[in-house]
Amino acid sequence: MLSYDTIQLKRVYEEVEKSDGLRLLADRLWPRGIKKSVLNYDEWIKDLCPSSALRKAWHQGQLSFESFEQQYIQELGAHADALSRVAAMAVRGPVTLISAVKSLEDNEFNRSQTPASPVCYSSSDD
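Keep in mind it's a predicted model, so treat the numbers as computed, not measured.

Engineer: Would you explain the overall build of the protein in this entry?
Structural biologist: For the protein, the count of helices and strands is three helices and four strands. Ordering the α and β elements of the protein from the N terminus gives β-β-β-α-α-α-β. Taken across its 126 residues, the protein has 37% of its residues classed as buried. Long-range contacts, defined here as pairs at least 24 residues apart, represent 63% of the contacts in the protein between residues at least 6 apart. Looking at the protein as shown, the accessible area adds up to about 7700 Å², and 53% of this sits on carbon and sulfur atoms.

Shown next as C-alpha cells:
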C-alpha cells in the first residue's frame with residue numbers, strides 16, 4: 001500500500017540521507033549550479049514533470065491553478081506507465097523526489113506565483 005510517508009520531497013541542495021531511499025530528480029530542467037557528476041540521484045523523471053509550456057504559462061499568470069492542474073493531469077496521462085513505475089517503487093520502499101524548487105511549500109504544486117528560478121522558465125525543455 002502506498003502512503004505519504006513512502007514518498008518524500010526534498011531540495012536537490014539538501015544532504016543525502018540513508019532514509020531517502022530511491023532519489024528521483026523531479027524537475028523538467030537540470031538544476032542550476034549542479035554538475036551531473038555530483039548530484040546523487042537514481043533516476044531523472046522529467047517526463048512526469050509539467051512541460052515547459054505549461055510551467056511557463058502558469059508562472060506568467062496565463063492559467064488559473066485549476067487550469068494548470070487539469071492540464072498537468074492530462075500530461076501525466078500520457079506517461080501512465082512511468083507514473084505506475086514510480087508508484088511501484090514507492091510500494092517497495094522509500095522514494096524521495098528531489099527538486100531545485102526554491103521552497104517545497106511554495107511551488108507550482110502549492111499555487112505559487114513565484115518561479116523557483118526565472119532562468120528555468122525562459123529556456124527550452126532540454
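From this point, the narrative continues.
Engineer: How do you make sense of the sheet that holds strand S4 (residues 95-99) when you look at a structure like this?
Structural biologist: Across a sheet, strands are paired by hydrogen bonds formed along the backbone, either parallel or antiparallel in direction. In space, the four strands of this open sheet follow the order S1-S4-S2-S3, with parallel pairing throughout. The open sheet has two free edges, formed respectively by strand S1 (7-11) and strand S3 (43-44), since each of these has just one partner strand. Two elements, strand S2 (residues 22-25) and S3, share two bridges in a ladder whose sense is parallel. By the bridge assignment, Leu25 is partnered in S3 with Trp44. The strands that helix H3 (residues 80-92) touches are S1, S2, S3 and S4; relative to S2, the one it contacts most, it runs at about 155°.

Engineer: What is the right way to read helix H2 (residues 65-77) from this model?
Structural biologist: Within an α-helix, residues lying three or four positions from one another point in the same direction, as the helix has 3.6 residues per turn. With 13 residues, H2 extends 18 Å between its outermost C-alpha atoms, agreeing within 8% with the 18 Å of an ideal straight helix rising 1.5 Å per residue. Here the buried face of H2 lies against helix H1 (52-59) and H3.

What counts and what doesn't
- Residues numbered from 1 in each chain as written.
- Predicted model: local features only at pLDDT ≥ 70, side-chain atom pairs only at ≥ 80, totals over all residues.
- Heavy atoms only, no water.
- Helix = DSSP H or I, 4+ residues; strand = E, 2+ residues; numbered from the N terminus.
- Buried < 20%, exposed > 50% of the residue type's maximum accessible area, 1.4 Å probe, protein only.
- Contact = heavy atoms within 4.5 Å.
- Areas by Shrake-Rupley, 256 points an atom, 1.4 Å probe, with all protein chains shown as cover.
- Pairing = 2+ DSSP bridges.
- Axes fitted to C-alpha atoms, helices over the stretch in contact; angles between N-to-C directions.
- Expected span 1.5 Å × (residues − 1).

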